[in-house]
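Structural description and commentary
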Amino acid sequence: MACILSVYYVLNGFGEKPVRALGSLLMMILGVSCLLYMHGGQETSPTWTSLLSLSGLGEALFKGAEFIFYLKKIDLNPTTAWWGIALVLLGKIMIPLQAALLGLALRNTVRR
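First things first, this report covers the structure right here in the doc.

Scanning the protein chain from N- to C-terminus turns up five helices and zero strands. Ordered by position in the sequence, the α and β elements of the protein chain form the string α-α-α-α-α. Partitioning the contacts of the protein chain with sequence separation of at least 6, the portion at a separation of at least 24 is 56%. On the protein chain, roughly 7400 Å² of surface is accessible, and the fraction owed to carbon and sulfur atoms is 73%.

Written out as structure tokens, the structure is:
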């Protein structure tokens, strides 16, 4: 239980720090987007230098948004790679959960 509370404090400041919650949410979205861009079932695998360019980062964020908001199914084979399971868990469960916690942190801040 202490581990869960520690993670909750680091990500959201116990629901009292919306800036920390927003930063955590943006880092999760950026992380999922970059991993999808690099390993998202493309025929040619892009390089890290192409990701660091502005067009590569924009394409990565667009691909991540498609995955996170269920706009496009990306063919990942989670049974063959551990990162596929982690990516699906982070993208489909943790990001919406973090968005909800951000909403609660904003509500707590506005109510006071």
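Resuming the write-up.
Let's shift gears to the nonpolar core. Counting 10 residues, the largest nonpolar core is built from Ala 21, Leu 25, Met 28, Val 32, Leu 36, Phe 67, Ile 68, Leu 87, Ile 95 and Leu 102. Put simply, the parts of the chain that give this core at least two residues each are helix 2 (18-39), helix 4 (54-68) and helix 5 (82-111). The dominant element in this core, judged by the number of residues it contributes, is helix 2, at five residues. Excluding residues within four positions of it along the chain, Ile 68 makes contact with Ile 29, Val 32, Gly 91 and Ile 95.

Further remarks concern helix 5. Look at helix 5: 42 Å from first C-alpha to last across 30 residues, which is about the 44 Å you get at 1.5 Å a residue. Of all the bends found along helix 5, the most pronounced is centred on Met 94 and spans about 35°, while Pro 96, a proline, follows it within four residues. When helix 5 is considered as a whole, its buried residues turn out to be Gly 84, Leu 87, Gly 91, Ile 95, Gln 98, Leu 102, Ala 105 and Asn 108.

Rules used in this analysis
Residues numbered from 1 in each chain as written. Predicted model: local features only at pLDDT ≥ 70, side-chain atom pairs only at ≥ 80, totals over all residues. Heavy atoms only, no water. Helix = DSSP H or I, 4+ residues; strand = E, 2+ residues; numbered from the N terminus. Contact = heavy atoms within 4.5 Å. Areas by Shrake-Rupley, 256 points an atom, 1.4 Å probe, with all protein chains shown as cover. Core = buried A, V, L, I, M, F, W, Y, C linked by side-chain atoms within 4.5 Å. Buried < 20%, exposed > 50% of the residue type's maximum accessible area, 1.4 Å probe, protein only. Expected span 1.5 Å × (residues − 1). Bend = angle between axes of the 7 residues up to and from the residue.

That's the geometry; what it means functionally is another story.
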